[in-house]
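# A structural walkthrough
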Amino acid sequence: MYCSYDKRKYPCLNLSNCSVEVAAGWCWLVKTLFDTLDHYFELNDAAPEILLTEIYQKMGFLQVRHNYEETDQTTRNIIHAFEASSKYICEWCCSIYAGGDTRNSPWIVNACASCLHKNPRWQSLEWVAFTETPNLSGLRDILPLIRTSVYKDRLVELASTRLL
């Protein structure tokens, strides 16, 4: 599934060749990532040469491909925080849940139990809670950079429940 977005809303980002292939529940996360990066570059009065090329789900995580070597540490931290956060957000309904994914299938689905049972193709899959939880400590550090209030509230909720 593709996530549609308006490249003109993020003037500090080079999204000309960026393909975004995520389920509907993560579209808001991708758009908030774009907005946060754009806001960070705007605050610093210069857009570093970040080139986002591909955003997709792999192994139950949001994966963001970019020119890693040419980005500063704060940019990397922002991207990493959003990637780690995705592990606790259902790909399909965007609910925040305990964290886990499916096993005994050729793919890993990052879905809450409700969405997992709604899809007949997934009903036979076994849902497994994470044994190693993603590190969300970076999420708290980037929260001041997030402008979009509704989505910021969701990420604040996630950070507070996971970091206490």
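## Some points on the pairing of strand E2 (residues 52-58)
Two faces make up the sheet, and in a regular strand the side chains alternate between them. Sheet analysis places strand E1 (residues 19-21) next to E2, joined by 3 bridges and oriented parallel. Within E2, the position partnered with Ser19 by the bridge is Glu54. As paired strands, E2 and strand E3 (residues 61-66) are joined by 6 bridges and run antiparallel to one another. Residue pairing across strands places Leu52 opposite His66, the latter belonging to E3. Counted along the chain from E2 to the antiparallel partner E3, the turn is 2 residues long, and its residue Met59 has a positive phi close to 55 degrees.

## Examining the packing of aromatic side chains
Scanning the model with the defined rule gives 2 aromatic pairs in all. Arranged with centres 5.4 Å apart and planes meeting at 65 degrees, the rings of Tyr10 and Phe34 form a pair that is edge-to-face. Of this pair, Tyr10 sits in the segment before E1 while Phe34 is found in helix H1 (residues 27-43), placing the two residues 24 residues apart along the sequence. Residue class for Tyr10 comes out buried when judged on its relative accessible area of 6%. Judged by relative accessible area, Phe34 falls into the buried class, the value being 0%. An angle of 55 degrees between the planes, with centres 5.3 Å apart, marks the rings of Tyr40 and Phe41 as tilted. Across the pair, Phe41 and Tyr40 agree in class, each one buried.

## Some remarks on the sheet that holds E2
Read from one edge to the other, the open sheet built from 3 strands follows the order E1-E2-E3, with strand pairing classed as mixed. One side of each edge strand has no neighbouring strand; the edge strands of this open sheet are E1 and E3. Each strand of the sheet is rotated relative to its neighbour by a mean of 15 degrees, with strand direction disregarded. Of the strands in this sheet, E1, E2 and E3 touch H1, which is tilted by about 145 degrees from E2.

## Description of unusual backbone geometry
For Cys94, which is not glycine, the phi torsion reads 65 degrees and is therefore positive. Along the chain, the position of Cys94 falls in the loop between helix H2 (73-85) and strand E4 (100-103). Of the residues examined, Cys94 reaches a relative accessible area of 21% and is grouped as partly exposed.

The rules behind the values
- Residues numbered from 1 in each chain as written.
- Predicted model: local features only at pLDDT ≥ 70, side-chain atom pairs only at ≥ 80, totals over all residues.
- Heavy atoms only, no water.
- Pairing = 2+ DSSP bridges.
- Helix = DSSP H or I, 4+ residues; strand = E, 2+ residues; numbered from the N terminus.
- Phe/Tyr/Trp six-rings, centres within 6.5 Å; stacked < 30°, edge-to-face > 60°.
- Buried < 20%, exposed > 50% of the residue type's maximum accessible area, 1.4 Å probe, protein only.
- Axes fitted to C-alpha atoms, helices over the stretch in contact; angles between N-to-C directions.
- Contact = heavy atoms within 4.5 Å.

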